[in-house]
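Topology and contacts: notes
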Amino acid sequence: MSIIFLLIGISLCVALAFLGAFLWAVRSGQYEDDYTPSVRMLFEDEAVPDEK
Amino acid sequence: MPNVAPAPAETRTHTACAHCGDACPDEPIRLAQEPALSFCCQGCRAVYELLAARNLCTYYRLDERPGQKVKPVELPGRFDYLDLESMQSQLLEFRSPTLARLTFSIPQMHCASCIWLLENLFKLNAGITASRVNFLRKELTVSYQPDVTSLKEVVTLLASIGYEPQITLAELGAQPHHANRTLYYQLGVAAFAFGNVMLLALPEYFSFTAQLQAAFGQFFGWLSLLLALPVLLVSARGFYRSAWQGLRQRYINLDFPISLGLTALFVTSVFEITTHRGPGYFDSFTGLVFFMLMGKWVQQRSYDALRFDRDFTSYFPVAATRLTPSGEEAVPVRELRAGQRIRVRHQEIIPADVVLLRGQGLIDYSFVSGESEPVAKVPGDTLYAGGRQVGEAVELEVVREVSQGYLTQLWNNPAFQKADTATLETYANKVGRYFVALTLLLALGAAAYWYPSSPAMALRACTSVLVIACPCALSLATPFALGAALRVLGRHKLYLKNSAVVETLGRADTLVFDKTGTLTDVKRSAVEYEGPALSLAQQQAVAAVVRQSTHPLSQRLAAELPAVSLDVNDFIEVPGAGVRGTVSGVGARVGSASFVGQAAPSAEADVRQSRVYISFGGGLSGCFTFRNVYREGLREVLTELSKTYRLTVLSGDNETERARLRELFGPQAELHFHQTPQQKLDYVAQLRQQGRRVVMVGDGLNDAGALQQADAGLALTDTLTNFSPACDGILEAGSFGRLPTVLGFAQDCLHIVLATFVLSFCYNGIGLGLAVQGRFTPIISAILMPISSLSVMVFATLLVKLAAWRRGL
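Residues numbered from 1 in each chain as written. Chains lettered and ligands numbered in written order. Predicted model: local features only at pLDDT ≥ 70, side-chain atom pairs only at ≥ 80, totals over all residues. Heavy atoms only, no water.

Under an unreviewed UniProt entry, chain B has the name Heavy metal translocating P-type ATPase metal-binding domain-containing protein and belongs to Hymenobacter monticola. Word for word, the UniProt comment on chain B under Sequence similarities (unreviewed entry) is "Belongs to the cation transport ATPase (P-type) (TC 3.A.3) family. Type IB subfamily." Annotation of chain B in UniProt includes, under Subcellular location (unreviewed entry), the sentence "Cell membrane". (UniProt positions renumbered as here; feature names shortened; annotations may be inferred.)

Going by an unreviewed UniProt entry, chain A carries the name Cbb3-type cytochrome oxidase assembly protein CcoS and comes from Hymenobacter monticola.

Printed below as a string of structure tokens:
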């Protein structure tokens, strides 16, 4: 049954990795604006013909 | 050349401007190289030319006529203050010799085209390296190279394309954005710990895992403690801080029992684990913190979406015009010192406490006191910060700087706070206070009862009472239900200051309407002139005189006449009669027939119009006719409202429309005419003294006092930027027809909050009953607490959505 120690250790590590990823996402500002990127991603296609 | 959505070629009907979509004049302004396009003004054409020259016409393809009408007023040197070193150091977030970055607030931003253009600023000015939009906050972050361009050039560019940033004192302080990142961090930590602790607590829930519990209980317990520690230190900090602040002001808020419960839960768990008595309640602890943070997050999101600048500093201009021996100079308000001279022009706000030196002061203090009738001042009088000059430019001498100003003191004075914070306690706070007392008594009682027989049982009963009775479901119900209601209303163009206003609206029993600008649509009212033609000088004289008055008809007339700034001497306004003044040596009178010295109007005069007569130097000239147009759907709205509410009309006009209003409003309604702003305010105050819950609906400009006085003041505006701090909500004029639905919906929301209270009391009642008897086990606690909170949240949100759906919102 001591395998449980190992399994819990691994599951905690995985969870910590996700926490780290979440904290990184917050730090890099991904949660500051969740609307504009959805509009912005449509622009690239539109803007190209203008650059001719 | 890019292909632009062509404007209809027909010129007979008014064509829409290719830039802003407004109606063009009969002779539209055209572009030489693109005759198909018509523009309403030179400003719009200039913007189009600017964009076309840089191949930026995608702007016009992303959205239908996205442009902002560019106001022609261009005061030279308006942005000069941005070149000041002290100003830059306050505004810029980051600064190096090669790069500078700052964030502007741009309220005009409204569609995908705006985002596109603002993010392509680098094509308009080579010095700009990048610009990013945050649409929900209406913010633009610009990075530029200070050696190529300057802050002033960036702002001037934005202003020239119709997106003039709002630069106010509020922006000068620390950037507040990182505050809500904290909540995300707290939420992340709590979610992480909650998930893992739940996993570790699993063996306790099932009896067949007793063996597992025996083997790993200690390890699981310590691990849970380790995971719960960051939750206590990071995630739960906000509750402790709030409870502590409440205590320091001798007020027990809902965060106090939450903190007490959390502390009890944590301490008991630590005690149980360190003394090998059991696994503790860390699953409940982390779960509680997580769910309560979720509630906070939802609340904050809904506030963010309707962010009003409630900070009074937002209403102050940032720069003032200082007079020096060498001429005028723009300085930031913070650099103003006592003894300096400044100039304040028409519609500008006085930035400090000052003494009037030269000119006729006509000060509108509606931002400060809610009193909207301008106060006339003569040289030598003291003027206070926050007032707004209406009329000619005046010269002032600073007595006290803004930081010590009268207004700051006034605003910080709790007595001045709008009555709703003092008298309109939310249900949760009222109930919560009794609840806290009851909980503390029960906890003490349980401990006292059990202590003689078993100290361990006493501790268990006491902490269980605190934990299970922790009214988190109570505190969640209100923000969730009202927050959902705020979002529903915001979608239908009613923007409320905060969720407490929903409650106020739901409890209202009296509706007071302003007439002009609220029931009537002033913008649609046609102005006609009858009589001998006026010379330009005469028109300018009338314009100069009516501009001194805040009466809606004067304002409408001022908008109609050519804009010039002429000095007006001997200006006098006789309420209910008219205005007079001397312009360039000629005495002009504008007002009712008797006021200008004319015989009463003939009897056949149409009752649906208001007449304003003018005369010059004694000789009569002619009259302006305003045809009143009532808002669309007014009759339906009033029929619906009169079933439930007592209706009142307060009009500053004369009684010509009494019959028509009586017919519209029904026999019970009270109609009052010839009301001054002060009388309106007094009337509302009197209604409130009779115990009525008054909702005032006005235009927010000349009835700010009554809006402030009412339980809830709704400003009906055509432009959302036209914000009066006195009101509690802004209703877009187009949504006026939904007023009965909105008020009914607010009532529904109150019932929903009550229903969720009943639900959460049921949970708490069951829990308390078990806890006091000491029959309370960790299993029930762990299951009941998160589920009760979650079900209250879901229940509240779903019911509000259901109510909105049933009301057709």
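**Here we look at the overall build of chain A**
Broken down by element type, chain A carries three helices and zero strands. Listed by position from the N terminus, the elements making up chain A come as α-α-α. Every one of the 52 residues in chain A was classed for burial, and the buried ones make up 27%. Of the accessible surface of chain A, which amounts to about 3,700 Å², a share of 71% is contributed by carbon and sulfur atoms. (Helix = DSSP H or I, 4+ residues; strand = E, 2+ residues; numbered from the N terminus. Buried < 20%, exposed > 50% of the residue type's maximum accessible area, 1.4 Å probe, protein only. Areas by Shrake-Rupley, 256 points an atom, 1.4 Å probe, with all protein chains shown as cover.)

**A closer look at the sheet that holds strand β4 (residues 100–105) of chain B**
Residues and elements named next belong to chain B. Read from one edge to the other, the open sheet built from four strands follows the order β3-β4-β6-β5, with strand pairing classed as antiparallel. In this open sheet, the two edge strands, each paired with only one partner strand, are β3 (94–95) and β5 (128–134). Note that β3 and β4 share two bridges and pair antiparallel. Looking at β4, one finds that Arg95 is bridged to Ala100. Along the sheet, helix α4 (residues 112–119) makes contact with β5 and β6 (139–144), crossing β5 at roughly 155 degrees. Against the sheet, helix α5 (residues 151–160) touches β4, β5 and β6, its axis set at about 35 degrees to β4. (Pairing = 2+ DSSP bridges. Contact = heavy atoms within 4.5 Å. Axes fitted to C-alpha atoms, helices over the stretch in contact; angles between N-to-C directions.)

**Looking at the UniProt feature "transmembrane region" (unreviewed entry) in chain B**
The residues that UniProt annotates with the feature "transmembrane region" (unreviewed entry) are residues 183–202, 222–240, 252–274, 280–298, 434–452, 464–489, 749–772 and 778–800 of chain B. Helix makes up 100% of residues 183–202 of chain B and strand 0%, and the two end C-alpha atoms of the span are 28 Å apart.

**Observations regarding the sheet that holds strand β12 (residues 375–377) of chain B**
Strands belonging to one sheet form pairs held by backbone hydrogen bonds; the direction of such a pair is parallel or antiparallel. Residues and elements named next belong to chain B. Taking strand neighbours across the sheet as the criterion, the three strands line up as β12-β11-β14 in an open arrangement whose pairing is antiparallel. The strands lining the two open edges of the sheet, one partner per strand, are β12 and β14 (388–389). For strand β11 (residues 361–364) and β14, the ladder comprises two bridges, and the chain directions are antiparallel. Counted as the bridge partner of Asp364 is Arg388 from β14.

**Examining the pairing of β4 of chain B**
Residues and elements named next belong to chain B. Taking burial as the measure, the six residues of β4 include five buried ones, the bulk of the element. Remark: four residues form the turn of the hairpin made by β3 and β4, two consecutive strands paired antiparallel. Pairing between β4 and β6: six bridges, direction antiparallel. Across the sheet, Thr103 pairs through a bridge with Thr141, a residue of β6.

**What to know about the confidence of the model for chain B**
All names here are of chain B. Averaged over every residue, the pLDDT of chain B is 74; residues scoring 70 or more account for 73%. When the elements of chain B are averaged for pLDDT, helix α13 (residues 406–412) gives the smallest value, 41, and strand β17 (residues 510–514) the largest, 89. When the criterion is pLDDT under 50, residues 169–176 qualifies, and its contacts beyond four places in sequence or with other chains add up to 15 contacts. Predicted confidence for residues 306–317 stays below pLDDT 50, and this span has 37 contacts to residues more than four positions away or in other chains. Across the predicted assembly, pTM comes out at 0.54 and ipTM at 0.84. (pLDDT = per-residue confidence, 0-100.)

**Here we look at the interface of chain B and chain A**
Each partner contributes residues to the interface: chain B has 32 residues there, and chain A has 27 residues. Carbon and sulfur atoms make up 64% of the surface buried where chain B meets chain A, a total of about 2,800 Å² over both sides. Broken down residue by residue, the surface that chain B buries against chain A is led by Tyr184, Tyr185 and Phe192 of chain B, which jointly contribute 20%. At the junction of chain B and chain A, the tally comes to one salt bridge. Put simply, Glu119 of chain B and Arg40 of chain A hold a salt bridge, and the shortest N to O gap is 2.6 Å. Seen at the junction of chain B and chain A, the total is four residue pairs in polar contact (both at pLDDT 80 or more). Every element with two or more residues in the side of chain B that touches chain A is listed here: α2 (59–62), α4, β5, α7 (178–205) and α8 (210–235) of chain B. Looking at which element gives the most residues to the side of chain B that touches chain A, the answer is α7 of chain B, with nine residues. Class assignment of the residues belonging to the side of chain B that touches chain A gives a composition of 20 nonpolar, six polar and six charged. (Buried area = accessible area lost by both parts, 1.4 Å probe. Salt bridge = Lys/Arg side-chain N within 4 Å of Asp/Glu carboxyl O. Polar contact = N/O pair within 3.5 Å; in protein donor to acceptor, adjacent residues only side chain to side chain. Nonpolar A, V, L, I, M, F, W, Y, C, P; charged D, E, K, R; others polar.)

**Remarks on the nonpolar core**
Residues and elements named next belong to chain B. Counting residues in hydrophobic clusters, the biggest one holds 93 residues, and the most contacted among them are Phe285, Leu505, Phe513, Phe665, Leu739 and Phe745. Once residues lying within four places of it in the same chain are set aside, the contact partners of Phe285 are Ala228, Val231, Leu232, Leu262, Leu265 and Phe266. The next biggest cluster of nonpolar side chains, apart from the first, holds 54 residues, and it includes Ile29, Ala52, Tyr60 and Val142. (Core = buried A, V, L, I, M, F, W, Y, C linked by side-chain atoms within 4.5 Å.)

**Observations concerning the packing of helix α23 (residues 634–642) of chain B against helix α24 (residues 658–665) of chain B**
Residue and element names in this part refer to chain B. Relative orientation of the contacting elements α23 and α24 amounts to 55 degrees, with a least axis distance of 8 Å. Taken together, α23 and α24 sit at an angle that is classed as oblique. Residues Leu634, Arg635 and Leu638 of α23 lie in contact with α24, whose contacting residues are Glu663, Leu664 and Phe665. Grouping the amino acids of the contact of α23 with α24 by side-chain chemistry returns four nonpolar, no polar and two charged. (Parallel < 35°, antiparallel > 145°, perpendicular 65-115°, else oblique.)

**Overview of the environment of Ser642 of chain B**
Residues and elements named next belong to chain B. Here Ser642 shows up in helix α23. For Ser642, a relative accessible area of 34% puts it in the partly exposed group. Separated by 27 residues in sequence, Ser642 and Ala669 place their C-alpha atoms 8.1 Å apart.

**A few points about a nonpolar patch on the surface**
Judged by side-chain polarity, Ile3, Leu6, Leu7, Ile10, Val14 and Phe18 of chain A come together as a nonpolar surface patch covering roughly 610 Å² of accessible area. Position of Ile10 of chain A among the secondary structure elements: in helix α1 (residues 3–27). (Patch = residues over 30% accessible without salt bridge, like charges linked within 9 Å, V, L, I, M, F, W, Y side chains within 5 Å.)

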